[in-house]
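# Structural characterization, general
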Amino acid sequence: MRRLINQQPSVLNSLLLAALPFALVLLAYAVASEARLSINPDDKLLPDWSTIEAAIIRMGFVADLRTGNFLLLEDTMASLQRLAIGVAVATVIGGLIGILQGLIPYARAMLANFTSVVAMVPPLAILPILFITFGLGELSKVVLIVVGIVPFIVRDLALRTSELPHEELIKAQTLGASTWQIILRVVLPQMLPRLIDSVRLSLGAAWLYLIAAEAIAAENGLGYRIFLMRRYLAMDVILPYVFWITFLAFTLDFILRVFQRVTFRWMYRGQA
Amino acid sequence: MKFFPKFAIAAMTALALVMSAPAQAAPKKEFKVAWSIYVGWMPWGYAQDHGIVKKWADKYGLKIEVVQFNDYIESINQYTAGSLDGVLSTNMDALAIPSVGGVDTTALIVGDYSNGNDAIILKDKKTLADIKGQKVNLVELSVSHYTLARALETVGLSEKDITVVNTSDADMEAAWKTPDVSAMVTWNPMVASILKDPRANSVFDSSSLPGEIQDCLVVNTDTLKDNPDFGKAMVGIWFETLALMQSGTPEAKAARESMAKASGTDLAGFEGQLKTTKMFWTPAEMVAFTGGDLVPAMDKVRNFLFTHGLLGNNAPSADVVGIEFADGKIIGDKANVKFRFNDDYMKLAADGKL
């Protein structure tokens, strides 16, 4: 049938179509940058490619005069460390509470409403409390990430757990499994890949909270640098950093996706 | 590229142009100026809300809007990008952001200088030299950072002797209450509130740097050149509001109370902040200051900016941006003057010719 929904682009056209939105954004940037620079050659809002390139070299490949560090590397390591600790802690806490809340009626009775309410509290609005409780150092940045994404993981995992076919639980019980054995042998194996999905979906929020935390008080980090540079509108540094953050986030997501595919192959059985 | 229809290119180009249109320097009738909360700038909000802005704009047949920004740096960035005709800024930030960004900027009104509003506060320690080896929380690259750099010079220390922790101004008060924060540089109203803590000691403040941290209304030089009436109206608004505040009438008290409330404090708190601000209440005082020798102050400011990389990464020296003073003297690159002091308009006010 010659209907739009039945027409498949060729491989080449698929690639071209995929590249088109990116090309359009780049083109819009180039045109706008050109227009502004022709009026004011010192314009900082939309710098040209050569200025951006110089900034990339300066931040990434030349040691900083004052500290002797490569700033981009230092910022990246600091940020990734905070992100990794925060996400790891949130995954463990979120996974545990989520499974309990989804499986054990008593836990659900106690926690379900609480987590739904807590999930609605914007963590950035209670920052002063986090600071005074956890200090201004690394701990409060990690805590902000954990507080920010745990409620989502808990709710998602609880929902997934409660969606497990009841028959499986009955079957396990007829075979004599205790609650503990059911958790370990029936629920947990099925929930781990869902947990990875849940973490993947929370990564965007985790980055957001990381950058917010670094904007508020920090000595290094990707968010720190962006907010420092904003003070004098150094978009030539900010734009590569934004691109770099996007790339890192995309890569993390990709790694998790591949890890899930490889580790939990059974989930994809029966799919094309 | 058959997937790239011509109309799409045209549309994107048009969009890009609209997005990027900088402020055009040509006679115009509508002006937009931004201010943010600071003791010396509160009169602007009052003037906007109580018809003083409208009165002077009408007098010159203009439309002037004085809008409040919650984020000071964002207001300066917006001015630099071209969406505002003027902004309330310190001399340092005006030099570092718009002027370095190629936007020729004129300080039309030098409203005050900080005379104690910026302070270095230590927890439990009593002298400035005790700051050595500490982590210092401040807004990096701000006037706080400048105050710190100047203070360290006075006791023979440098920034290598401390660790700077960039901290958002909105979170200073919360940060002070945390145990790991032991040294802080910030400005009013945060200073006043932090000093209420008995463990807090102010070990240095900007009263030791008279005239160096100026709070100005800066406007686009080309816009001002093409629209002198805009400059006259702004100066008129400013001194009418100040005269009202100083009149000693019930309206004066009401005006001060309203400004205090708008800045989140009470009358006593506002008066306290005014004491650490050297306001130029009359046009004559402002002309005397602006027309005086500002070279040493601006030279220190530009050197701070240069050593912190804020004059551009390719800047060979602090001379890269020219600064013109009210008497026509120029320091720095004469072919690249981007920051100017101008006392013509305040003189008109002093002579009653507005």
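Everything numeric in this text was worked out from a predicted model, so none of it was measured.

### Digging into the overall build of chain B
Secondary structure assignment for chain B yields 15 helices and 14 strands. By the compact-globule yardstick of 20 Å for 354 residues, chain B fits well, its C-alpha radius of gyration being 21 Å. If you line up chain B on its principal axes, its C-alpha atoms span 65 × 65 × 40 Å. Within chain B, the proportion of its 354 residues that are buried is 57%. Look at the contacts in chain B between residues 6 or more apart in sequence, and 75% of them connect residues 24 or more apart. Approximately 14,100 Å² of chain B is accessible, and the part contributed by carbon and sulfur atoms is 54%. Mean positive and mean negative side-chain charge positions of chain B (34 and 43 charges, respectively) differ by 2 Å.

### Notes on empty space enclosed by the protein
Residues and elements named next belong to chain A. Counted according to the given criterion, the structure contains two cavities of 30 Å³ or more. Empty space within the largest cavity amounts to approximately 50 Å³. If you trace the largest cavity, you find it lined by L127, L130, F131, S140, K141, L144, A213, I216 and A217. Those elements that provide at least two residues to the lining of the largest cavity are α5 (127-134), α6 (138-162) and α8 (179-216).

### Quick look at the nonpolar core
Within the largest apolar cluster, 158 residues are counted, with the highest numbers of intra-cluster contacts made by W44 and I64 of chain B. A per-element tally of this core places α8 of chain A first, with 15 residues. Other than its neighbours up to four places away in sequence, I64 of chain B contacts F31, Q48, V53, A57, F230, A233 and M234 of chain B. Within the second largest apolar cluster, 17 residues are counted, among which are L138, I162, V185 and L209 of chain B.

### With respect to helix α6 (residues 143-154) of chain B
Residues and elements named next belong to chain B. Taking 1.5 Å as the rise per residue, α6 with twelve residues should run 16 Å; its terminal C-alpha atoms sit 17 Å apart, in good agreement. For α6, the buried fraction is high: ten of the twelve residues fall into the buried class. V143, S144, H145, Y146, T147, L148, A149, R150, A151 and L152 are the residues of α6 that are buried. G156 sits one or two residues past α6 and shows a positive phi near 70°.

### A few points about the sheet that holds strand β9 (residues 200-205) of chain B
Spatial strand order, β1(A)-β7(B)-β6(B)-β8(B)-β5(B)-β9(B): six strands in an open sheet with mixed pairing. Unpaired on one side and paired on the other, β1 (217-218) of chain A together with β9 of chain B mark the two borders of the sheet. Of the pairings in the sheet, the one linking strand β6 (residues 135-138) of chain B to strand β8 (residues 183-187) of chain B comprises two bridges and is parallel in character. By the bridge assignment for β8 of chain B, N137 of chain B is matched with M184 of chain B.

### Thoughts on the domain arrangement of chain B
Residues and elements named next belong to chain B. Each assigned domain of chain B is listed here: domain 1 (28-114 + 212-350) and domain 2 (118-208). Here the C-alpha centre of domain 2 lies 26 Å away from the C-alpha centre of domain 1. Every contact between the two is made by 14 residues of domain 1 and, on the other side, 13 residues of domain 2. Both faces combined, the contact of domain 1 with domain 2 buries some 1,300 Å², and carbon together with sulfur accounts for 63% of it.

### Section: the environment of G102 of chain B
Relative to the helices and strands, G102 of chain B resides in the loop between α5 (91-99) and β4 (105-114). Given the relative accessible area of 10%, G102 of chain B is considered buried. Excluding residues within four positions of it along the chain, G102 of chain B makes contact with N40 and D42 of chain A together with K338 of chain B.

### Considering the pairing of strand β14 (residues 337-341) of chain B
All names here are of chain B. In terms of burial, β14 is a largely internal element, five of the five residues being buried. The pairing of β4 with β14 spans three bridges and is classified as parallel. Residue pairing in the sheet places A107 in a bridge with F341 of β14.

### Quick notes on the layout of surface pockets
Approximately 870 Å³ is the volume attributed to the second largest pocket. As for the second largest pocket, its lining consists of 34 residues, and the residues nearest its centre are D71, Y72, D169, A170 and W187 of chain B. Listing elements by their share of the lining of the second largest pocket, those giving two or more residues are α8 and α9 (222-230) of chain A together with α4 (72-81) and β7 (163-167) of chain B. Of the residues that constitute the lining of the second largest pocket, the class distribution is 16 nonpolar, ten polar and eight charged.

So, how was this worked out
Residues numbered from 1 in each chain as written. Chains lettered and ligands numbered in written order. Predicted model: local features only at pLDDT ≥ 70, side-chain atom pairs only at ≥ 80, totals over all residues. Heavy atoms only, no water. Helix = DSSP H or I, 4+ residues; strand = E, 2+ residues; numbered from the N terminus. Rg over C-alpha atoms; globule rule 2.2 N^0.38 Å. Buried < 20%, exposed > 50% of the residue type's maximum accessible area, 1.4 Å probe, protein only. Contact = heavy atoms within 4.5 Å. Areas by Shrake-Rupley, 256 points an atom, 1.4 Å probe, with all protein chains shown as cover. Lys, Arg positive; Asp, Glu negative; His and termini not counted. Charge placed at Lys NZ, Arg CZ, Asp CG, Glu CD. 1 Å grid on protein atoms, 1.4 Å probe; cavity = no way out; pocket = protein on both sides within 12 Å on 5 of 7 lines; lining within 4 Å. Points joined across faces, edges and corners; volume = space filled by probe spheres on them. Core = buried A, V, L, I, M, F, W, Y, C linked by side-chain atoms within 4.5 Å. Expected span 1.5 Å × (residues − 1). Pairing = 2+ DSSP bridges. Domains from an automatic or database assignment. Buried area = accessible area lost by both parts, 1.4 Å probe. Nonpolar A, V, L, I, M, F, W, Y, C, P; charged D, E, K, R; others polar.

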